[in-house]
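# Chains, contacts and geometry: an overview
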Amino acid sequence: MNYFISRWEKQTLKARALIGENGPKIAIFVNALLLCFVGLIYVLCLPSQVQGGDTGEMAANPYAGRLLHPPGFPVFYWLARFATHVLPLDSVFTRGALLSVFTSLASLALLLSWKKVGPRLGLALTLAVSPTFWHYSVLPEVFLVQMPFLVAFLLLLEKERFIAATCFFALALGVHPQAIFLVPLWAWSLGRIRIVPHSSLLVSLVLLAYGSLAFIRSDSLYSWRDINSIEALLHHMLRFDYGALKLSAAGGSFFLLQHLLFFCSRNYAILLILIPITLLGWRNLNKHAKGLALSAFGFLLIFFSLANTDPILLAGEVVARFHIFPLLLLTLASRNAIDRVPKLGLLAFLLGIAQIALYFPENNFSKRKIIAEYATNLLRQTEPANCAILITQSDAVYVAANYLQTVEGVAPRVIVVAKGLLGLAVYRERLKNLGLKFGGVNEVPEDYVRDILLPNLSTCRIVAEYQDQTPLSGIRFLPVGREIITRPTVELGAGPELLISDEPDERLHYDVEKRLFARYADFFLMRSLMEEKSGELAMARKSLADALKIVPYCTFAWERLCSIDAKLGLESKLICELAQTKDPYCDPRRP
């Protein structure tokens, strides 16, 4: 027995010696393996069709040479312009998304230890497959493109390579201004002697980056404005169109608690690792790590105190993407401390594997087409006219229409109007240049019907989305949308055959996608209401069945079926039970 124990101890010592001698080589191999594994997951999730949020604009505008919405994101713009024109892929949208994949993997590579295999491996995996980080790693957006510049800046700052750190800091600010929350950490690290020359360098580089926006010239409605003066540049940089330090042009309430709860619930897995290290192990953190943690907590408190959007309503499109920045800062703050707690590294690795199984369906955009198909159907339905105007209510549809018209040439003659942008003078001016008439005496349209719709109704075909509930006297309900007509009547119309290949899944799709699926059912729901009002109960029942073929979870349809069956004297216990559960998406009476 002692012989075997001795042999085992000798072999163990030899193995440890071998690993010690070849530690860097093994670390390089294991880290490369992890990056290839994460990269493969990302590539499998890459979309070929336009998706929600600002992603359509982030792919189409750099491709077509148009200015992005404030603050302009100059470094991202030029990188995306290069990617969308150079990468050898058929889909422009996929080319833009691949840029996010590359920058995400670059960020993870900088976080890893390339000298030895350790707990950082699990931490990097958990971050890579956390839902929000994963989501924006496979879509064309600015947030993951900024991350490698931020990580490089912070690592160089820790090593006191201040000039290089300042250059990368300027690049990070040129991608997105949220990095401004790191100015106190940067200034504190420099000290009073170095702050003046490095501040001059930083300001010069940032102004140079944003000044490059002046080279972007386009008269397209989808291009925000032309930067032709210093005033226009500052106006765009500081987001005066939205309001500085605001997420949205509308609203103004205080939602800090909701934001913090949403942040924790959305990122609970990686926070199980980061919070014990940064808070419970605060004494073990070095000064730089403490500065990173304080910057992350400061961002969460200050930014979301100023944020004027409700995360419950806009979580998928507006709020969740701002979680990436504090998560990255906390990960950087924890990367050295976690090396001393191998068990946490193992837990992080297991959590990462669990997240892959949990979030892969949600973040797999390879076959998700609902937004692209819905916007295509709206555009084609509006198109057959010499002058056609499509009034969009949601950003998702407006941005998707931008991509489809710009890149894929879908219904290029249709003038797509974003109702939420009509308060901007530069936007109204571009609409006037396209031939639209504006009524009223005020510069800003106050009455949507009087000032915009009615002046153009005699010369243009006007179609609005279903959820636009503006009271109008003449409406023709189309398969998707409402056509505004001059006759004071309500009628049903026809349109081109709908393109619907995506199937609704109540568990997987985001709120905006669920709402678009529900819009497909609205035509049949309105037809059933009109048939029920005229006493044609059997026909109304069939229309409701048609609606449920498209959106099976439409409880408004189940509710109406229950009511009609009661009138017809039919047994409908199952239908009435289904009608008890309300959903917020499928009801044509909702604004």
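Just so it is clear, the structure is predicted and the values come from calculations on it, not from any experiment.

Criteria and cut-off values
- Residues numbered from 1 in each chain as written.
- Predicted model: local features only at pLDDT ≥ 70, side-chain atom pairs only at ≥ 80, totals over all residues.
- Heavy atoms only, no water.
- Buried < 20%, exposed > 50% of the residue type's maximum accessible area, 1.4 Å probe, protein only.
- Helix = DSSP H or I, 4+ residues; strand = E, 2+ residues; numbered from the N terminus.
- Pairing = 2+ DSSP bridges.
- Right-handed = clockwise from strand over helix to strand, strands pointing away.
- Arc of directions from axis to C-beta.
- Salt bridge = Lys/Arg side-chain N within 4 Å of Asp/Glu carboxyl O.
- Expected span 1.5 Å × (residues − 1).
- Bend = angle between axes of the 7 residues up to and from the residue.
- Contact = heavy atoms within 4.5 Å.

What you see with strand β2 (residues 415–418) is no split at all: Ile415 and Val417 on one side and Val416 and Ala418 on the other are buried throughout. Relative to β2, strand β1 (residues 388–392) runs parallel, the two being bridged by 4 bridges. Bridge assignment links leucine 390 to a residue of β2, and that residue is valine 416. Crossover β1 to β2 through helix α19 (residues 395–406) is right-handed.

Those residues of helix α12 (residues 256–266) that fall on the buried side of the exposure criterion are Leu256, His259, Phe262, Phe263 and Arg266. What you see down the axis of α12 is that its buried residues fit within an arc of 130 degrees, all on one side. Exposed and oriented more than 90 degrees from the buried face of α12 are Leu257 and Leu261.

Moving on, we get to the pattern of salt bridges. With the rule as written, the count across this model stands at 11 salt bridges. Its salt-bridge partner being arginine 321, residue glutamate 141 comes within 3.0 Å of it at the nearest N-O pair. Pair noted here: glutamate 141 is in the loop between α7 (131–137) and α8 (143–158) and arginine 321 is in the loop between α15 (311–319) and α16 (324–334), with a separation of 180 residues, a long-range link. Among the residues examined, glutamate 141 registers a relative accessible area of 2% and is labelled buried. A salt bridge links aspartate 546 to arginine 527, with the shortest nitrogen-to-oxygen separation between them at 3.2 Å. Remark: arginine 527 occurs in helix α22 (residues 511–533) and aspartate 546 occurs in helix α23 (residues 537–550); sequence separation between them is 19 residues.

Counted at 1.5 Å a residue, the expected span for helix α10 (residues 183–211) with its 29 residues is 42 Å, but the 21 Å between its end C-alpha atoms falls short. The sharpest bend along α10 comes to roughly 120 degrees, located at glycine 191. Of the residues making up α10, those classed as buried are Leu185, Trp186, Ser189, Leu190, His198, Leu202, Val206, Ala209 and Tyr210. The inward-facing, buried residues of α10 abut α4 (74–86), α8, α9 (162–175), α11 (230–237) and α14 (287–306).

All we've got here are geometric facts, nothing functional implied.
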